[in-house]
Amino acid sequence: MSPPVAPPGWSRWLVPPAALSVHLSIGQAYAWSVFKPPLESALGLSGTQSALPFQLGIVMLGLSAAFGGTLVERNGPRWAMTVALLCFSSGFLLSALGASLEQYWLIVLGYGFVGGIGLGIGYISPVSTLIKWFPDRPGMATGIAIMGFGGGALIASPWSAQMLESFGSDSSGIALAFLVHGLSYAVFMLLGVLLVRVPRTEKPVESGPSVLAGPQVSAQQALRTRQFWLLWIVLCMNVTAGIGILEKAAPMITDFFADTSTPVSVTAAAGFVALLSAANMAGRIGWSSTSDLIGRKNIYRVYLGVGALMYALIALFGDSSKPLFVLCALVILSFYGGGFATVPAYLKDLFGTYQVGAIHGRLLTAWSTAGVLGPLIVNWIADRQEEAGRHGASLYGLSFVIMIGLLVVGFVANELVRPVDPRHHVPAPKEVAHVERQQPESA
């Protein structure tokens, strides 16, 4: 399946909405927690069991992005968005069948495995296309799309809660909610499939830079460079620091102020989680756009350096000031989102646009690693501290020190990033011939 080449006069600003239609849909993954209590009640599951579809979905996101990145580059964004649509929607339909039959393994298979493949392919599907449409502002372009993944839960969470309230929270009500999700997201993602276009020339912006400007490195060759693995460390450390707060946000703020004269209520803790989601989404467009002005290396200096400072302030003074705690957490989560949105442009700067989507897919294995590492550090240490008789903010002191150390490691890795050695570059004649051959087929 090849996407149509943009006709003369086609506005490149129609491409970000196509990407957003996919990312806003697959961003539903961050709203899975809405289904956890009803599933536990209806099917007699434990909290660990009810989390399994989401955990498997994130693992499959990283794996499918890594192994499917080359196929996305070869077959183009329309093919990738179609695969994402079919897998993500089919995952919901299988889950609906599983809930209706009260067969939980079908929900795990559908939402976690099949839907997780849709998450990974959908996440990377527009990246290469956007970078080629916006060679002058790649950070802003990818930020617009990836912002949708961070903001998808802001739509899906209240929508899912309303459906469960209307349909009921028993197995049949859950099944109907899954069914509506699957069909609705299929229609919404289809808009992106139909709207996506690839640029007809190497310079989609008049007097702008060519998409072939700078070094061009294949995905296979990128894995042999130290720059790729340094960026892998940078992304992993930044995501670990952010997800360490995001995954345990509500109980964390409750614990921090439990021993004070103004404890945090359940409602206030939920509001804090919503604020973190908003900061995550805003950081994806705000910080990635800023990177177009100050450079990718400089913006990661901010993410990692200032992020370490925010963690230090929380560890030292967080339990004495709610505004300080909330402000520092919001900044950290904005860096978490910004890191996701900026990394495709960083990859473009280092490796070019030749196979940037495939390289990005492989780099997302850092996300899968961080998704396990961050919650493990915070939860395991908090459990050990609680067993030792500690409580309140002291549950998190050691984990915050570890997070500061990880951010320093990421900062050093970012400082070591240098331009890719020319021996890794694709020879210019071969590169141009390949792009000209692929131009009608993929971005």
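It should be emphasised that the depicted structure is a prediction, and the values quoted were computed from it without experimental measurement. (Residues numbered from 1 in each chain as written. Predicted model: local features only at pLDDT ≥ 70, side-chain atom pairs only at ≥ 80, totals over all residues. Heavy atoms only, no water.)

Student: Lay out the packing of aromatic side chains with the relevant residues and their values.
Tutor: Counted according to the given criterion, the structure contains 29 aromatic pairs. Seen in terms of ring centroids, Phe-35 and Phe-178 are 4.8 Å apart; in terms of plane orientation they differ by 35 degrees. Their pairing is tilted. In this pair, Phe-35 sits in the loop between helix H1 (15–26) and helix H2 (36–43) while Phe-178 sits in helix H8 (residues 171–195), placing the two residues 143 residues apart along the sequence. Taken as a pair, Phe-35 and Phe-178 share a single burial class, namely buried. Aromatic side chains Phe-256 and Phe-400 sit 6.0 Å apart centroid to centroid with 20 degrees between the ring planes, which places their arrangement in the stacked category. Of this pair, Phe-256 sits in helix H11 (residues 249–256) while Phe-400 sits in helix H17 (residues 397–415), placing them 144 residues apart in sequence. The burial state of Phe-256 is the same as that of Phe-400; both residues are buried. An aromatic cluster is built from Trp-32, Phe-35, Phe-88, Phe-92, Tyr-111, Trp-159, Phe-178 and Tyr-185, whose rings are joined through pairwise contacts. (Phe/Tyr/Trp six-rings, centres within 6.5 Å; stacked < 30°, edge-to-face > 60°. Helix = DSSP H or I, 4+ residues; strand = E, 2+ residues; numbered from the N terminus. Buried < 20%, exposed > 50% of the residue type's maximum accessible area, 1.4 Å probe, protein only.)

Student: Describe helix H4 (residues 77–101), naming the residues involved and giving the relevant values.
Tutor: Look at H4: 36 Å from first C-alpha to last across 25 residues, which is about the 36 Å you get at 1.5 Å a residue. In the stretch just after H4, Glu-102 is the one whose phi turns positive, near 60 degrees. (Expected span 1.5 Å × (residues − 1).)

Student: How would you explain the packing of helix H12 (residues 266–294) against helix H14 (residues 322–351) if you had to name every residue and give the values?
Tutor: Relative to each other, H12 and H14 sit at 50 degrees, their axes nearing to 6 Å. By the angle between their axes, H12 is oblique relative to H14. As for how H12 packs across H14, the hand of that crossing is right-handed. Tallied by class, the residues present in the contact of H12 with H14 amount to 14 nonpolar, 8 polar and 1 charged. (Axes fitted to C-alpha atoms, helices over the stretch in contact; angles between N-to-C directions. Parallel < 35°, antiparallel > 145°, perpendicular 65-115°, else oblique. Left-handed = near helix turned anticlockwise from the far one by under 90°. Nonpolar A, V, L, I, M, F, W, Y, C, P; charged D, E, K, R; others polar.)

Student: An account of H2 is needed here, citing residue identities and associated values.
Tutor: Every buried residue belonging to H2 is among Lys-36, Pro-38 and Leu-39, and all of these are buried. Buried residues of H2, viewed axially, fall in a sector of 165 degrees; they line one side. Tucked into the core, H2 has its buried residues touching helix H3 (47–75), helix H5 (104–124), helix H7 (138–167) and H8. Looking at the residues trailing H2, positive phi occurs at Gly-44, about 65 degrees. (Arc of directions from axis to C-beta. Contact = heavy atoms within 4.5 Å.)

Student: How would you summarise the confidence of the model for the protein if you had to cite specific residues and measurements?
Tutor: Residue-level pLDDT values for the protein average 87, and 94% of them are 70 or greater. Across residues 429–443, confidence stays below pLDDT 50; counting only partners more than four residues off in sequence or on other chains, it has 34 contacts. (pLDDT = per-residue confidence, 0-100.)

Student: Which residues make up the nonpolar core, and what values do they have?
Tutor: Nonpolar side chains in soluble globular proteins generally cluster together in the buried interior. If you look at the biggest cluster of nonpolar residues, it comprises 115 residues, and the most contacted ones within it are Tyr-123, Phe-178, Phe-256, Phe-325, Phe-351 and Trp-367. Considering each element in turn, this core owes the most residues, 15 residues, to H14. The residues touching Phe-351, leaving out its near neighbours within four places in the chain, are Pro-215, Gln-216, Val-217, Ala-222, Thr-225, Gln-227, Phe-228, Ile-359 and Val-420. Core analysis: the next-biggest nonpolar cluster, separate from the first, contains 11 residues, Ala-19, Leu-130, Phe-134 and Ala-141 among them. (Core = buried A, V, L, I, M, F, W, Y, C linked by side-chain atoms within 4.5 Å.)

Student: Got a sec to walk through the environment of Asp-349? Specific residues and values, please.
Tutor: Mapped onto the elements of the fold, Asp-349 is located in helix H14. A relative accessible area of 34% means that Asp-349 is categorised as partly exposed. When the C-alpha positions of Asp-349 and Leu-333 are compared, they lie 25 Å apart, and in sequence the two are 16 residues distant. Not counting residues within four places of it along the chain, the set of residues in contact with Asp-349 comprises Pro-215 and Arg-296. At 2.8 Å, the side chain of Asp-349 and the side chain of Arg-296 are in polar contact. (Polar contact = N/O pair within 3.5 Å; in protein donor to acceptor, adjacent residues only side chain to side chain.)

Student: Hey, could you go over the pattern of salt bridges for me, with residue numbers and the actual values?
Tutor: Applying the stated criterion to the full structure yields 8 salt bridges. In this structure, Lys-36 and Glu-40 form a salt bridge, with 3.8 Å as the shortest nitrogen-oxygen distance. Of the two residues, Lys-36 and Glu-40 both sit in helix H2, 4 residues apart, roughly one turn of that helix. Overall, the relative accessible area of 26% leaves Glu-40 in the partly exposed class. Glu-415 serves as the salt-bridge partner of Arg-301, at 2.6 Å between the closest nitrogen and oxygen. One end of the pair, Arg-301, is in helix H13 (residues 296–317); the other, Glu-415, is in helix H17, and 114 residues separate them in sequence. (Salt bridge = Lys/Arg side-chain N within 4 Å of Asp/Glu carboxyl O.)

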